[in-house]
Amino acid sequence: MPNIVVVGTQWGDEGKGKVVDLLAPHVNVVARFAGGNNAGHTVVAGREKYVLHTIPSGILHPGCRCVIGCGVVVDPGSLIEEMEALVRRGVQLDGNLFISKNAHLIMPYHPALDLASEAKLGDRRIGTTGKGVGPAYVDKAGRVGIRMADLLNERLFREKLERNVAQKNRVLREIYDAETFTVEEILDKYLRYAGWLAPYITDTALLLSRWIDSGYSVMFEGAQATMLDIDHGTYPYITSSSTTAGGASTGTGVPPTKIHGVVGVSKAYTTRVGGGPFPTELSGTLADLLLARGHEYGATTGRPRRCGWFDAVVGRYAVRINGLDTVALTKLDVLDTLETVKVCTAYLHRGEILTEFPEDETVVAEAQPVYEELEGWRAPTVGARNEADLPAKARRYIERLEELVGVPFCLISTGAQREETILCEDSPLLRWFPSARSSLL
Ligand code: IMP
């Protein structure tokens, strides 16, 4: 049975939640492998809208098992809120949700350090979500992090907490002049969380291995996206985890040899939240139009997103770094009213044409987009059920993106609803999920 990774190809918010939700009925397990509650995966099912932050989007499908892998950092308070909200809406968690013992905890001092560090950076701030994700990964890499398994061992948890609180308080007080924490207040709260979460905490790498050996199919749900990856993104304006396809292995313990394919999710244009370079960024009326038509406000923070044209240099880079087999293109409908649509095919830097995404952050910051202009289709695409129903100029736009990016597209999304999706002819998804033909058409 195929095990497939789904990743974002741009700077996040591409609509991975919708794609994972559409494919979830074809797999047995959905596993999150990176990030934390900085993510906001929106899924619309009929009149119901769900925004998931830490729990995999597969949870909305009865019988689909969901794993929070060791690569995820978990804020237990936020996770419990999310769990309670799902249970109130009739979602069954028991037997369907499994949390890795090795996933690191976001502790109360992590958001405090995140916010204090951002404030101190001033103009150079990253524009983080303020959820403490970066500082939690700092502790993980620094080998002082506290993990899910520690929650189940009060003595060990207290010991690690005492050490950490003493050190973090010094940093908060002496470097940031910020409020400090007491061990007892955190201990009390986290031990209550432990009671709640204990039934879900387990060795998920072993579970996944057994499930895969027994023929289960796993989908690995990425969070954030390629250009926010700690190694391959636009450093330092990135998140602190391995958001690209390689992270699916390290973030779950499933070896690369058991993974059969990678699906990238791209918006038909580009958005970015927070600071950092964005070569195709627009301003003025066009940016406002994409913001308004695309409802481009962060699902986690509510911040307006920066908007720009589709960047095929980034698209090709995402294909290379993730080994993408195919791309699901989302939010095509947002461009429906435009007279012309631009696509960035290369960058111009100091007289040189660059067709590959530059590694050097100063080059990225200075790169000017080279655009190709296509005619807009000025007709609604929402509700089209197959490619032939799309306006010819919209089809031309899609074909041109496919040519530039270099892999075939599998899905075209023209709205938030599940049924506002086109399964492309010869969609590579059918190789893995033949039954998707009847369910998605
Ligand atoms: P952090 O992950 O909160 O540390 O934020 C680091 C950078 O990643 C900032 O630019 C955030 O805006 C961005 N980021 C984090 N999570 C998301 C997301 O789910 N969508 C889009 N951008 C994100």
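The paragraphs below set out a description of the structure included in this document. Residue numbers run consecutively from 1 along every chain, following the written order of its sequence. The predicted nature of this model means local features are confined to residues of pLDDT at least 70 and side-chain atom pairs, given and counted, to a pLDDT of 80 or more, with totals for whole chains, interfaces and linings taken over all residues. With hydrogens and water stripped out, all remaining heavy atoms of the structure feed into the side-chain values.

**Observations concerning the site of the ligand**
Stage number 1. Residues in close proximity to the ligand total 16 residues, the closest being Asp-13, Asn-38, Thr-129, Thr-239 and Arg-303.
Stage number 2. Contact between the ligand and Asn-38: an oxygen atom at 2.8 Å from a side-chain N or O atom of the residue.
Stage number 3. Separating an oxygen atom of the ligand from a side-chain N or O atom of Arg-303 is a distance of 3.0 Å.
Stage number 4. Where accessible areas are quoted, they stem from the Shrake-Rupley method and a 1.4 Å probe; at the residue level, only the protein chains shown are allowed to cover. Summarising the interface, the protein chains cover 95% of the accessible area of the ligand, which totals 470 Å² for the free molecule.
Stage number 5. All amino acids are sorted into three groups, where Ala, Val, Leu, Ile, Met, Phe, Trp, Tyr, Cys and Pro are nonpolar, Asp, Glu, Lys and Arg are charged, and the leftover types, Gly among them, are polar. Here the residues of the shell around the ligand are counted per class, giving six nonpolar, eight polar and two charged.
Stage number 6. As annotated, the domain borders come from an automatic or database domain assignment. Residues lining the shell around the ligand come from more than one domain, with at least three contributed by each of domain 1 (4-95 + 203-440) and domain 2 (104-200). Residues are labelled near a given molecule or strand when at least one of their non-hydrogen atoms is within 4 Å of it. For this analysis, a polar contact is any N or O atom pair within 3.5 Å, provided that within protein one partner can donate a hydrogen and the other can accept it, and provided that sequence-adjacent residues contribute only side-chain to side-chain pairs.

**Observations concerning the sheet that holds strand β1 (residues 4-8)**
Stage number 1. Reading across from one edge, β9-β7-β5-β2-β10-β1-β11-β15-β19-β20 is the order of the 10 strands in this open sheet, with mixed pairing throughout. Both edges of this open sheet fall to β9 (201-202) and β20 (421-423), since each of them pairs with a single strand only.
Stage number 2. A pair of strands counts as paired when DSSP detects no fewer than two bridges linking them. Helix and strand assignments follow DSSP, with helices taken as H or I runs no shorter than four residues and strands as E runs no shorter than two, numbered in order from the N terminus. Looking at chain direction, strand β11 (residues 261-267) and strand β15 (residues 326-330) are connected through five bridges and run parallel. Bridge pairing in β15 links Lys-267 to Thr-330.

**Considering unusual backbone geometry**
Stage number 1. Between Tyr-235 and the following residue, Pro-236, the backbone shows a cis peptide bond with an omega angle of 5 degrees.
Stage number 2. Relative to the assigned elements, Pro-236 resides in the loop between β10 (218-221) and α9 (246-250).
Stage number 3. Residues other than glycine seldom take positive phi values, yet Arg-378 does so here, at roughly 40 degrees.
Stage number 4. Within the element layout of this structure, Arg-378 appears in the loop between β18 (368-375) and α13 (392-405).
Stage number 5. Here's how the labels work: a residue is buried when its accessible area is under 20% of the maximum for its type, exposed when over 50%, partly exposed in between, all with a 1.4 Å probe on protein chains only. Note on Arg-378: relative accessible area 53%, which makes it exposed.
Stage number 6. Despite not being glycine, Asp-426 has its phi angle at roughly 55 degrees, a positive value.
Stage number 7. Residue Asp-426 is classed as exposed on the basis of its relative accessible area, which comes to 72%.

**What to know about the side chain of Thr-204**
Stage number 1. Its location among the elements puts Thr-204 in helix α8 (residues 204-213).
Stage number 2. For Thr-204, a relative accessible area of 2% translates into the label buried.
Stage number 3. In what follows, a contact means two residues having at least one pair of non-hydrogen atoms within 4.5 Å. Ignoring any residue separated from it by four or fewer positions in sequence, one finds Thr-204 in contact with Val-67, Ile-68, Phe-98, Ile-99 and Ser-100.

**Thoughts on the packing of aromatic side chains**
Stage number 1. Each pair of aromatic rings taken from Phe, Tyr and Trp, with Trp reduced to its six-membered ring, is defined by centres within 6.5 Å and is described as stacked if the planes are under 30 degrees apart, edge-to-face if over 60, and tilted in the remaining cases. The final tally for this structure, using the stated rule, is eight aromatic pairs.
Stage number 2. Aromatic pair Phe-98 and Trp-211: ring centres 5.3 Å apart, planes at 75 degrees, arrangement edge-to-face. With a gap of 113 residues between them, Phe-98 in strand β7 (residues 97-100) and Trp-211 in helix α8 connect regions that are remote in the sequence. Both residues of the pair, Phe-98 and Trp-211, count as buried.
Stage number 3. Measuring from centroid to centroid gives 6.1 Å for Phe-157 and Tyr-190, while their planes differ by 15 degrees, and the two rings are stacked. Of this pair, Phe-157 sits in helix α6 (residues 154-175) while Tyr-190 sits in helix α7 (residues 183-197), placing them 33 residues apart in sequence.
Stage number 4. Residue Phe-157 is classed as buried on the basis of its relative accessible area of 0%.
Stage number 5. Taking relative accessible area as the criterion, Tyr-190 reaches 2% and is therefore assigned buried.
Stage number 6. Three or more aromatic residues joined by ring pairs form one cluster here, namely Phe-98, Trp-211 and Tyr-216.
Stage number 7. The ring of Tyr-50 carries Arg-89 above its face, with NZ or CZ at 4.0 Å from the centroid. Look at NZ for Lys and CZ for Arg. If either is within 6 Å of the ring centre and within 35 degrees of the ring normal, a charge sits over the ring.

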